[in-house]
Amino acid sequence: MIRKLTLTAIATLGLMAGGAQASGTTAHVEDFQFSFEGPFGSYDQNQLQRGLKIFTEVCSACHGMKYLPFRSLGDETGPGLPEDQVRAYAANFEVTDAVTGEDRPATPADKFPANTGAGAPDLSLMAKGRAGFHGPIGLGINQIVKGMGGPEYIASLLSGYHETPECAPEGFPGYYNAVFAAGGFPEECKDEHGNHTVPGSWIGMTPPLSGEDVEFDDGHSNELHHEVQDVAAFLMWAAEPKMMQRKTAGLTGVIFLTVLAVLLYLTNKRIWAPVKYGRKDD
Ligand code: HEC
């Protein structure tokens, strides 16, 4: 029974991997190094503040973030904005009051508004939603093996725009992106077996960043390569604001269990000593 189950599991995995490959997603997702990786990693507060600025000035024109409350921006393990800045930031957004039904400036207790006008998906949970890349149909193997997940996908996607390949017919809708895997794909760019001849596909989002899109007060680099990492780190925090607390709790658990294991081992030895060595020690 177990063997049969194992065989079925292997066959299924094989089929799924084959399926993902047949769609031609040989897209290259870069393995960026983020400060929050590893068991001791933590968010870089300055980076989150830069990411927030990019989100505010660029992404929020089309994307909403409806699960993130403004007050989280004040979290010590998050962007850590002082209270008055959180309040001032929230007041830039309009929300519909749940009680009066009237529009009013947002307060820290409100969440970022939804934004569906441009047909763009909500970004609150995107970094977790895309953890198993490539794109939405990946298996997430890279996340387990290489520690690469949603932020790597987002940063690569934002820098994945390239010139439209020659095979594409004139006027094919969307923008060519070598990392995006879920969009439309012209027949002309498939070989006789239906395999894609170029990585990625066509995405409905105009290239949002091209470098030097925002200015940072501290003069930090606004090259494209840095901007994409900053906004990806910010989106990871938005999707997982309690990551640091979770890691601390996990570490405490491991230390506790290690001490407990040593004590249990010594207790066990002591209890069974009379039986094993035939002597009484009390
Ligand atoms: C002009 C409007 C617009 C702006 C500005 C914009 N986006 Fe988008 N974005 C879209 C649309 C539309 C889609 C859906 C594209 C599709 O599915 O083809 C999208 C999709 C996405 C996706 C999902 C890709 C996937 O795998 O499904 C991510 C991630 C994303 N955007 C991030 C960003 C970030 C980060 C910024 C800011 C730097 C940004 N976007 C700015 C319109 C925009």
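Residues numbered from 1 in each chain as written. Predicted model: local features only at pLDDT ≥ 70, side-chain atom pairs only at ≥ 80, totals over all residues. Heavy atoms only, no water.

Note the threshold: UniProt positions are given in the numbering used here, feature names are shortened, and annotations may be inferred rather than shown by experiment.
Looking up the chain in an unreviewed UniProt entry gives the name Cytochrome c1, with the organism given as Donghicola mangrovi. Turning to the chain, the UniProt annotation filed under Subcellular location (unreviewed entry) states: "Membrane".

1. Some details on the overall build of the chain
Convention followed: A helix here means a DSSP run of H or I that spans at least four residues, while a strand means a run of E at least two residues long, and both kinds are numbered starting from the N terminus. Any two residues whose heavy atoms approach within 4.5 Å at even a single point are treated as in contact. Computed with the Shrake-Rupley method and a 1.4 Å probe, the accessible areas treat only the protein chains shown as cover for residues.
Broken down by element type, the chain carries eight helices and four strands. The order of helices and strands in the chain, counted from the N terminus, is α-α-α-β-β-α-α-α-β-β-α-α. A sequence separation of at least 24 residues applies to 61% of the contacts in the chain between residues at least 6 apart. Summing over all exposed atoms, the chain offers an accessible surface of approximately 16700 Å²; the carbon and sulfur share of this is 58%.

2. Quick look at the side chain of Asp110
Convention followed: A 3.5 Å cut-off defines polar contacts: any pair of N or O atoms within that distance qualifies, except that in protein one atom must be a possible hydrogen donor and the other a possible acceptor, and neighbouring residues in sequence count only when both atoms are side-chain atoms.
Here Asp110 is to be found in the loop between β2 (103-105) and α4 (126-129). A distance of 2.8 Å separates a polar side-chain atom of Asp110 from the backbone nitrogen of Thr107. Ignoring sequence-local partners within four residues, the contact set of Asp110 consists of Pro69, Phe70, Val95 and Arg104.

3. A word on a nonpolar patch on the surface
Selection rule: Note that patches include only residues with greater than 30% relative accessible area and no salt bridge, and the join distances are 9 Å for like charges and 5 Å for nonpolar side chains (Val, Leu, Ile, Met, Phe, Trp, Tyr). Salt bridges, as used here, are contacts in which a Lys or Arg side-chain nitrogen is within 4 Å of a carboxyl oxygen on Asp or Glu.
A cluster of nonpolar residues, Phe40, Leu251, Ile255, Val259 and Leu263, forms a patch on the protein surface that exposes about 510 Å² of accessible area. The topology assignment puts Leu251 in helix α8 (residues 243-277).

4. So, the pattern of salt bridges
Across all of its chains, the model carries nine salt bridges by this definition. Of the charged contacts, one joins Glu240 and Arg246 as a salt bridge, the two residues approaching to 3.3 Å between their closest N and O atoms.

5. A word on the coordination of the iron atom of the ligand
Angles at a metal have ideal values that depend on geometry: 109.5 degrees with four tetrahedral donors, 90 or 180 degrees with six octahedral donors. Where we set the bar: Atoms are scored as donors when they are N, O or S and lie within 2.8 Å of the metal, with 3.2 Å used for Na, K and Ca; no water is included, so coordination may look incomplete. Key to geometry: four donors with every angle between 85 and 135 degrees are tetrahedral; four donors are square planar and six octahedral where opposite donors lie over 155 degrees apart and all remaining angles lie between 65 and 115; all other sites are irregular. Here the term buried applies to any residue with accessible area under 20% of the maximum for its type, exposed to any over 50%, and partly exposed to those in between, with areas from a 1.4 Å probe on protein chains only.
Protein-derived ligands of the iron atom of the ligand are His63 (NE2) and Met205 (SD), with the metal-ligand distances lying across 2.0 Å. Around the iron atom of the ligand, the six donor atoms are arranged such that angles at the metal cover 86 to 177 degrees; this shape is classified as octahedral. Pair noted here: His63 is in the loop between α2 (45-57) and α3 (83-90) and Met205 is in the loop between β4 (201-203) and α7 (224-239), with a separation of 142 residues, a long-range link. Residue class for His63 comes out buried when judged on its relative accessible area of 12%. Given the relative accessible area of 22%, Met205 is considered partly exposed.

6. Examining the side chain of Ser124
Inspection of the secondary structure assignment puts Ser124 in the loop between β2 and α4. Of note is the side chain of Ser124, whose polar atom sits 3.1 Å from the backbone nitrogen of Tyr67. The contact partners of Ser124, leaving out residues within four places of it in the chain, are Gly64, Met65, Lys66, Tyr67, Leu68, Leu235, Ala238 and Ala239.

7. Quick notes on the site of the ligand
Filter applied, for reference: The rule for a residue being near a molecule or strand is that one of its heavy atoms must lie within 4 Å of it. We call Asp, Glu, Lys and Arg charged. Ala, Val, Leu, Ile, Met, Phe, Trp, Tyr, Cys and Pro are nonpolar, and the rest, Gly among them, are polar.
With respect to spatial proximity, 22 residues lie near the ligand, and among them Cys59, Cys62, His63, Tyr153 and Met205 are the closest. Take His63: an N or O atom from its side chain is 2.8 Å from a nitrogen atom of the ligand. Looking at the shell around the ligand element by element, the count peaks at three residues for helix α6 (residues 150-158). Looking at the shell around the ligand residue by residue, the classes come out as 17 nonpolar, four polar and one charged.

8. Concerning the packing of α2 against α7
Here is the rule we go by: Axis definition: a line fitted to C-alpha atoms, limited for helices to the stretch in contact. Angles are taken between N-to-C directions and run from 0 to 180 degrees. Angle categories: roughly parallel below 35 degrees, roughly antiparallel above 145, roughly perpendicular from 65 to 115, and oblique for all the rest.
The geometry of α2 relative to α7 is characterised by a closest axis approach of 7 Å and an angle of 95 degrees between their N-to-C directions. The orientation of α2 relative to α7 falls into the category roughly perpendicular. Every residue of α7 that contacts α2 at Gln47, Leu48, Arg50, Gly51, Leu52, Ile54 and Phe55 is listed here: Glu227, Gln229, Asp230, Val231, Ala233, Phe234 and Trp237. Tallied by class, the residues present in the contact of α2 with α7 amount to eight nonpolar, three polar and three charged.

9. Details of the packing of α6 against α7
What counts, and what does not: By convention the crossing between two helices is left-handed if the near helix lies anticlockwise of the far one by an angle smaller than a right angle, and right-handed if it lies clockwise.
Contact pair α6 / α7: the axes reach a minimum separation of 8 Å and the direction vectors enclose 145 degrees. By crossing handedness, the relation of α6 to α7 is classed as right-handed. Together, Pro151, Ile154, Ala155 and Leu158 of α6 and Val228, Gln229, Val231, Ala232, Leu235 and Met236 of α7 make up the contact between the two elements. By residue class, the composition of the contact of α6 with α7 is nine nonpolar, one polar and no charged.

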